[in-house]
Structure formats: structure tokens, C-alpha cells
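Listed below, chain by chain, are the residues.
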Amino acid sequence: AGVFTYDPGFTSTASCDSTITFIDGDKGELLHRGYPIDQLAEKSHYLEVCYLLLYGELPSAAELEKFENTITRHTMIHEQMHNFFRGFRRDAHPMATMVGVVGAMSAFYHDSTDISDPRQREIASHRLIAKMPTIAAMAYKYSIGQPFVYPRNDLDYAANFLHMCFSVPAERYDVDPILSRAMDRIFTLHADHEQNASTSTVRLASSSGANPFACIAAGIACLWGPAHGGANQACLEMLKEIGSPDKIPEYIARAKDKNDPFRLMGFGHRVYKNFDPRATVMKQSADEVLDLMGIENNPILATAKELEQQALADPYFAEKKLFPNVDFYSGIILEAMGFPTSMFTPIFALSRTVGWVSQWKEQLADPQHKIGRPRQLYLGNTIREYVDIENR
Ligand code: CMC
């Protein structure tokens, strides 16, 4: 037997080397290919960030145009996949539908399941980035009993997603540019986050040589949990349950009580121990979007701000270095835009697809990569003789 380092939750074990994303948790810094997230959120846009994550450099104008055209060309899904959606219960959570449908892409796009061919790997990554908004929007439409809306390639990535979610055949729908800008920023803020649980899941799945659609479906499944991407839904539900600022002390007391499993959702992070730079931009965005939409005195936003203040002033949160994370304010914007809470995590999934795909491509291109195969610390019985059933 060998000697293994036991590191529960992988708090100090690097699983790979990477040149994509850098996080300095003490400084509250997040860099994609060296560029700070706040600059990207302010000056760039989602598809440009996708290009940066995938190819390592900001694109020239011509490169960006070509990339946008390529992604746009892949926005539709195979028509037969509609049947797949219809197989789900009508009240299925859109994440459940997405796990299934994205896995099923392996059966519809056989050509790009060939991971030995770099050209097919490229096509798979474009297909995933292009089709994920279509799949997320269809999962939503199905869950509310409305007809699927086909993508519109004259719209940009975020506007097209809003169109597929909110337009109906019976009425003209014009995408509000304020909303599409806010949507794009939410996509950008979620694009990648180095070796988080879902990305590590994608890498581990892919390490066996599994096809990209199966790997990304595994990532979506992992993201769903409330400690990870599911936190945005859980956070807004918590803020609604709190209801008004006077109830906050009760919830803070519960979060501090070790006998109560309740945690403040949208608070705390494995790596950030100062602040989450994505949360800073998200908070600012929440203010801007609600203001631009003419929503004044939003009670949920007021509760969130007061909760943040009271938690930050509390020694428990200060000592444990717990700060609002990206999920704390995103739900408020998404709700103001008209999304139900069940769509929050699917939106995270579609935004993170580029991160998963970039990391998957990086892994396959790494000559050192091999199957991920953690060892264990065995605490069970030592060898013993089998006992016949009549003697037990
Ligand atoms: N509320 C109250 N206490 C908390 C919280 C919280 N949100 N987060 C951590 N703690 C306490 C925890 O009880 C523990 O206390 P002690 O040392 O006394 O046992 C200590 O802080 C350290 O927590 P941990 O669970 O060991 O830390 P972790 O690095 O394993 O977990 C986390 C990180 C994000 C899972 C956790 O902070 C959490 O559950 N937060 C709420 C869920 C959430 O918002 N998740 C979104 C994360 S960011 C986006 C994403 O990844 O998708």
C-alpha cells in the first residue's frame, strides 16, 4: 500500500496546471488570461470574453467578427431534439432538462464526439457555446407551457437569449437594450472560475476520454447543487423568506448557530477571503438595472443590502472571512428581468459553458494529461472470512 496525502475537499491539492484563469483569494482578484474581471465586465462583452478564454488573447476586430459569425451559425439545435424536451414532465426543473438534453447532444452530433480530431474538438466547443442558450431557453419555455422560440441570428448573444425566453409567437417582442446589456454582463461575470467543483467534474469526466457533451452534462449536474451554482436560486428564495429588513437578525443568528444547518446563501467562498470581485460588479449592476428599469424601492434589494451590512459587521462573518459572493446579487437582477428562480442556475450553466469548454480543450492539449484517479484513506474492515447466511 502506498502513502497518500488526504485532502478533504481538495483545499490544497492542485489537479492541473492552467493558463486560463487566475484567482488571488486574499486580494479579491480574478483574472482571465491576465485581464481583470471588472475591466472585462465594463469594457468587453461576453462573446469577446469567450474568445479570450478559448484562444488566450483578445481578438482583433476581424477575428471577433469571424468568431461571432461561427457561434451564430450554430445556434439552432437539431429539430429532433424537440422530442427529447417533450419527454420530460411539464413541471421539470430546467436544470434537470438541461442535464438530459446536453448529454443527449452526444447522440445528435456524432461527428464532434471524436476527441482525437482537433477540428472536431473546435466544432464541439462552438456548438456547445452556441446551443446552450437555445437549450436553456427551451427548457424554460417547456416548463411554462409556451411554444419553443427559435433563435434569431440578427440579435447578439444576450439579446437572442432574452428573445428565446420572453417572446411569444402572438406578439411582437423587442429586446430592451438595457436588459440585454445586463444579461451580457451576468454571462461575462460567470464565464470561468478556474478549478471550481463543476469545472473539476468536467475535467475528471473528460480524463477518461468521454465525449464533450457527456462531460459538460456532468458539469451541469455538479453546478446544480446549492453550495455551487444552485446558490443563486437558494439566495433569492432566502431573501424572499426573510421578507423585510427587521427579520435579518433572526436569520443571522440562525446562520451562526452550529446546531442549525442554515447558511446565509450567497455568502462565503472557498478561495475568496477578502471579497468576491464579481459580487462588487454585480451589486453595482443590480442598482443600475433596477434604476434604469424604473424599479424604485425594491424590497428584496433593500433586504439584501441590509443583510450584507449586518453580516459584515458581525464578528462571526469577519472572523471566518465570509463575504457576499457572485450569487448574492445576481438573482435580484434576474428576477427584475422577469426570470423565475428556477432559471437562475440554468443561466449560470450557460454562462459557464465557455469556461468548461476552454478547460476541457486545455486539458486535452496537455501532453501530460492522464486519467484522474484519486486514491482514498481506507477506514473499513481488514480482511475477514465470509460467513454463511445461516450463521449470521
Ligand atoms: N453562512 C454561515 N456560515 C458559513 C457560511 C455561510 N454562508 N459559509 C461558510 N460558513 C462557515 C462554516 O460553517 C464553517 O464554520 P466552522 O469553521 O466553524 O465549521 C466555516 O465558515 C468555513 O466553511 P466551509 O464550509 O468549511 O468552507 P468551504 O470553503 O468548504 O465552503 C462554500 C465554501 C461556498 C461552499 C460555503 O461558504 C457555503 O456553503 N456558502 C453558501 C452557499 C453559496 O453561497 N455558494 C456559492 C459559492 S460562489 C459561486 C459558486 O461557486 O457557484
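Cut-offs used in this document
- Residues numbered from 1 in each chain as written.
- Predicted model: local features only at pLDDT ≥ 70, side-chain atom pairs only at ≥ 80, totals over all residues.
- Helix = DSSP H or I, 4+ residues; strand = E, 2+ residues; numbered from the N terminus.
- Rg over C-alpha atoms; globule rule 2.2 N^0.38 Å.
- Buried ≥ 20, exposed ≤ 12 C-beta atoms within 10 Å, placed from the backbone.
- Contact = placed C-beta atoms within 7 Å.
- Near = placed C-beta within 6 Å.
- Nonpolar A, V, L, I, M, F, W, Y, C, P; charged D, E, K, R; others polar.
- Domains from an automatic or database assignment.
- Pairing = 2+ DSSP bridges.
- UniProt positions renumbered as here; feature names shortened; annotations may be inferred.
- Axes fitted to C-alpha atoms, helices over the stretch in contact; angles between N-to-C directions.
- Parallel < 35°, antiparallel > 145°, perpendicular 65-115°, else oblique.
- Expected span 1.5 Å × (residues − 1).

(A) Examining the overall build of the protein more closely. A tally of helices and strands in the protein yields 17 helices and three strands. Taken against the 2.2 N^0.38 rule, which gives 21 Å for 392 residues, the C-alpha radius of gyration of the protein at 22 Å falls within 12% of a compact globule. Along the first, second and third principal axes, the C-alpha atoms of the protein reach 75 × 55 × 50 Å. Across the 392 residues of the protein, 43% fall into the buried class. Within the protein, contacts between residues separated by at least 24 positions form 76% of all contacts whose residues are at least 6 apart in sequence.

(B) Representation of the site of the ligand within the structure. Residues in close proximity to the ligand total 20 residues, the closest being Ala 231, Arg 263, Phe 267, Gly 268 and Arg 270. Looking at the shell around the ligand, its residues break down into eight nonpolar, eight polar and four charged.

(C) Structural context of unusual backbone geometry. In the Ramachandran plot, Phe 10 falls in the positive-phi region, its phi being about 50° despite a non-glycine side chain. Structurally, the position occupied by Phe 10 is in the segment before strand 1 (21-24). With a phi close to 55°, Lys 321 is a non-glycine residue in the positive phi region. Within the secondary structure, Lys 321 sits in the loop between helix 15 (315-319) and helix 16 (327-337).

(D) View of the domain arrangement of the protein. As far as domains go, the protein holds domain 1 (8-226 + 357-365) and domain 2 (231-337). Between domain 1 and domain 2, the C-alpha centre-to-centre distance is 26 Å. Domain 1 puts 18 residues into the contact, and the matching count from domain 2 is 20 residues. Listing elements by their share of the side of domain 1 that touches domain 2, those giving two or more residues are strand 2 (29-32), helix 1 (37-43) and helix 8 (177-189).

(E) Molecular detail of the sheet that holds strand 1. Pairing is antiparallel in the open sheet, where three strands are placed in the order 1-2-3. Single-partner strands in this sheet number two, and they are strand 1 and strand 3 (35-36). Bridging between strand 1 and strand 2 involves four bridges; their strand directions are antiparallel. Residue Thr 21 lies in a different strand from strand 2, and its bridge partner there is His 32.

(F) Region of the structure containing the UniProt feature "active site" (unreviewed entry) in the protein. Per the UniProt record, the feature "active site" (unreviewed entry) sits at His 269 and Asp 327. In three dimensions, the annotated residues from a span of 59 residues occupy one location, with a maximal C-alpha spread of 10.6 Å. Mapped onto the elements, His 269 comes out in the loop between helix 12 (248-256) and helix 13 (277-292). Filtering out sequence-adjacent residues up to four positions away, Asp 327 remains in contact with Ala 231, Asn 232, Cys 235 and Gly 266.

(G) Examining the packing of helix 14 (residues 299-312) against helix 16 more closely. Running from N to C, helix 14 and helix 16 point in directions that differ by 170°, and their axes come no closer than 10 Å. The angle between helix 14 and helix 16 places the two elements in the roughly antiparallel class. Touching Ile 300, Leu 301 and Ala 304 of helix 14 are Phe 328, Tyr 329 and Ile 332, all from helix 16. Considered class by class, the residues forming the contact of helix 14 with helix 16 number six nonpolar, no polar and no charged.

(H) A look at the pairing of strand 2. Side chains Leu 30 and His 32 project from strand 2 onto a buried face, and the interleaved Glu 29 and Leu 31 project onto a face without burial. Where strand 1 folds back onto strand 2 in an antiparallel hairpin, the turn is made up of four residues, including Gly 28, whose phi is positive at roughly 70°. Of the strand pairs in this sheet, strand 2 and strand 3 are connected by two bridges, and their pairing is antiparallel. Of the residues in strand 3, the one forming a bridge with Leu 31 is Pro 36. What sits between strand 2 and strand 3 in their antiparallel hairpin is a turn of two residues, with Arg 33 showing a positive phi close to 50°.

(I) Quick look at helix 10 (residues 212-223). The terminal C-alpha atoms of helix 10 lie 16 Å apart, and with twelve residues this matches the ideal 16 Å at 1.5 Å per residue to within 8%. In terms of burial, helix 10 is a largely internal element, ten of the twelve residues being buried. Those residues of helix 10 that fall on the buried side of the exposure criterion are Pro 212, Phe 213, Cys 215, Ile 216, Ala 217, Ala 218, Gly 219, Ile 220, Ala 221 and Leu 223. Next to the buried residues of helix 10 lie helix 5 (94-108), helix 6 (118-143), helix 9 (197-207) and helix 17 (344-365).

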